[in-house]
Amino acid sequence: GYKAKIIVCMHIISFLLIYIFYLYINLVNEQKILKYAVDYLSKYDSSKKNLSNVLKRKIFKLNITGIEKKRLIDILDNIIFKLEKNNLIDDERFAKLKISSLSRAGKSKNFIINYLKMKGINKLEIQEIIGDFEKNNNDWELRSAEIFARKKKLLDKNENYEKRLAKLARAGFSYDICKKILG
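Note that this is a predicted model, so its numbers are computed, not measured. (Residues numbered from 1 in each chain as written. Predicted model: local features only at pLDDT ≥ 70, side-chain atom pairs only at ≥ 80, totals over all residues. Heavy atoms only, no water.)

## Remarks on helix α2 (residues 48-61)
With 14 residues, α2 ought to run about 20 Å at 1.5 Å a step, and its terminal C-alpha atoms sit 20 Å apart, in line with that. Among all positions of α2, only Asn50, Leu51, Ser52, Val54, Leu55 and Ile59 are buried. (Helix = DSSP H or I, 4+ residues; strand = E, 2+ residues; numbered from the N terminus. Expected span 1.5 Å × (residues − 1). Buried < 20%, exposed > 50% of the residue type's maximum accessible area, 1.4 Å probe, protein only.)

Structural data, given as structure tokens:
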């Protein structure tokens, strides 16, 4: 009777304490992931998909059980939604900045499109943003090819023309642009 009730109560209390501790640990881990995401975004601009991949790698490195890792991965969308709501992450802004910086770095339109696809930006959004970029920057790909050719010393006439042409083509520039750059 009486001792059995005490034992049952002790079991219930211990279960509740374990459950509260479990919730606390999950809250702490969730806060850790959110803090890591904010720290990451303070250093690097990122797309949603890329940030999700970075956070998944971080979760797998945590010293927690598989069940807790799965729970954290399940709430990643919620964390990314919070970051998006607070304007810390924006795929369109990321794509515009990357197109601008990669074009100044001598990258081709094909390279930039593939890079943005790899980072999780959808095709329609990429086409729209590149279209806007091309309206404001007429000969950007030609200027980008010139930068690439200068970096790779392709303007040197001593080098074989076909080799220089091939190198520009492999970088993703069209045949017409390659011919204009190499003369």
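So much for the structure itself; the text now carries on.
## A word on the environment of isoleucine 20
Relative to the helices and strands, isoleucine 20 is located in helix α1 (residues 2-43). Among the residues examined, isoleucine 20 registers a relative accessible area of 54% and is labelled exposed. Each C-alpha atom, one on isoleucine 20 and one on arginine 71, is 16 Å from the other, the two residues being 51 residues apart in sequence.

## Here we look at helix α9 (residues 161-170)
Those residues of α9 lying buried are Arg164, Leu165 and Leu168. Taken end-on, α9 shows its buried residues confined to a sector of 100°, consistent with a single buried face. What points out from α9, more than 90 degrees from its buried face, is the exposed set Glu162, Lys163 and Arg170. Packing partners of the buried residues in α9 comprise α8 (140-151) and α10 (175-182). For α9, the N-terminal capping position is held by asparagine 160, with its side-chain oxygen 3.0 Å away from the main-chain nitrogen of glutamate 162. (Arc of directions from axis to C-beta. Contact = heavy atoms within 4.5 Å. Polar contact = N/O pair within 3.5 Å; in protein donor to acceptor, adjacent residues only side chain to side chain.)

## Topic: the environment of asparagine 53
Among the secondary structure elements, asparagine 53 is positioned in helix α2. Looking at asparagine 53, the relative accessible area reads 30%, which means it is partly exposed. As a C-alpha pair, asparagine 53 and aspartate 77 span 24 residues in sequence and 11 Å in three-dimensional space.

## Focus: the pattern of salt bridges
Across all of its chains, the model carries 9 salt bridges by this definition. Linking glutamate 30 and lysine 82 is a salt bridge whose minimum nitrogen-to-oxygen distance equals 4.0 Å. Here glutamate 30 is found in helix α1, whereas its partner lysine 82 is found in helix α4 (residues 76-85), with 52 residues between them in sequence. Taking relative accessible area as the criterion, glutamate 30 reaches 15% and is therefore assigned buried. Note that aspartate 74 is salt-bridged to lysine 70, the shortest N-O span being 3.2 Å. Residue aspartate 74 and its partner lysine 70 are located together in helix α3 (residues 66-74), separated by 4 residues, close to a single helical turn. (Salt bridge = Lys/Arg side-chain N within 4 Å of Asp/Glu carboxyl O.)

## A look at the nonpolar core
Counting residues in each nonpolar core, the largest one holds 17 residues, and the members touching the most others are Ile33, Leu41, Leu51, Leu55, Leu72 and Leu83. Counting only elements with at least two residues in this core, the list comes to α1, α2 and α4. When neighbours within four sequence positions are excluded, leucine 72 is seen to be in contact with Asn29, Glu30, Ile33, Ile59, Leu62 and Ile64. (Core = buried A, V, L, I, M, F, W, Y, C linked by side-chain atoms within 4.5 Å.)

## Overview of a positive patch on the surface
Among the surface-exposed residues, Lys32, Arg57, Lys58 and Lys61 lie close enough to one another that they form a single positively charged patch. Sort the elements by how many residues they give to the positive patch and α2 lands first, with 3 residues. (Patch = residues over 30% accessible without salt bridge, like charges linked within 9 Å, V, L, I, M, F, W, Y side chains within 5 Å. Areas by Shrake-Rupley, 256 points an atom, 1.4 Å probe, with all protein chains shown as cover. Lys, Arg positive; Asp, Glu negative; His and termini not counted. Charge placed at Lys NZ, Arg CZ, Asp CG, Glu CD.)

## With respect to the packing of aromatic side chains
Enumeration according to the criterion identifies 4 aromatic pairs in this entry. Where tyrosine 40 meets tyrosine 44, the ring centres are 4.9 Å apart and the plane angle is 45°; that geometry is what we call tilted. For the ring pair phenylalanine 148 and phenylalanine 173, a centre distance of 5.8 Å and an interplane angle of 50° mean the geometry is tilted. Note that phenylalanine 148 is positioned in helix α8 and phenylalanine 173 in the loop between α9 and α10, a separation of 25 residues in sequence. For phenylalanine 173, a relative accessible area of 4% translates into the label buried. Positioned over the ring face of phenylalanine 111 is lysine 107, at 4.9 Å from the centre of the ring. (Phe/Tyr/Trp six-rings, centres within 6.5 Å; stacked < 30°, edge-to-face > 60°. Lys NZ or Arg CZ within 6 Å of the ring centre and 35° of its normal.)

## Overview of the confidence of the model for the protein
Looking at the protein as a whole, its pLDDT mean stands at 90, while 96% of the residues score no less than 70. Highest mean pLDDT in the protein belongs to helix α6 (residues 109-118) (97); lowest belongs to α1 (81). (pLDDT = per-residue confidence, 0-100.)

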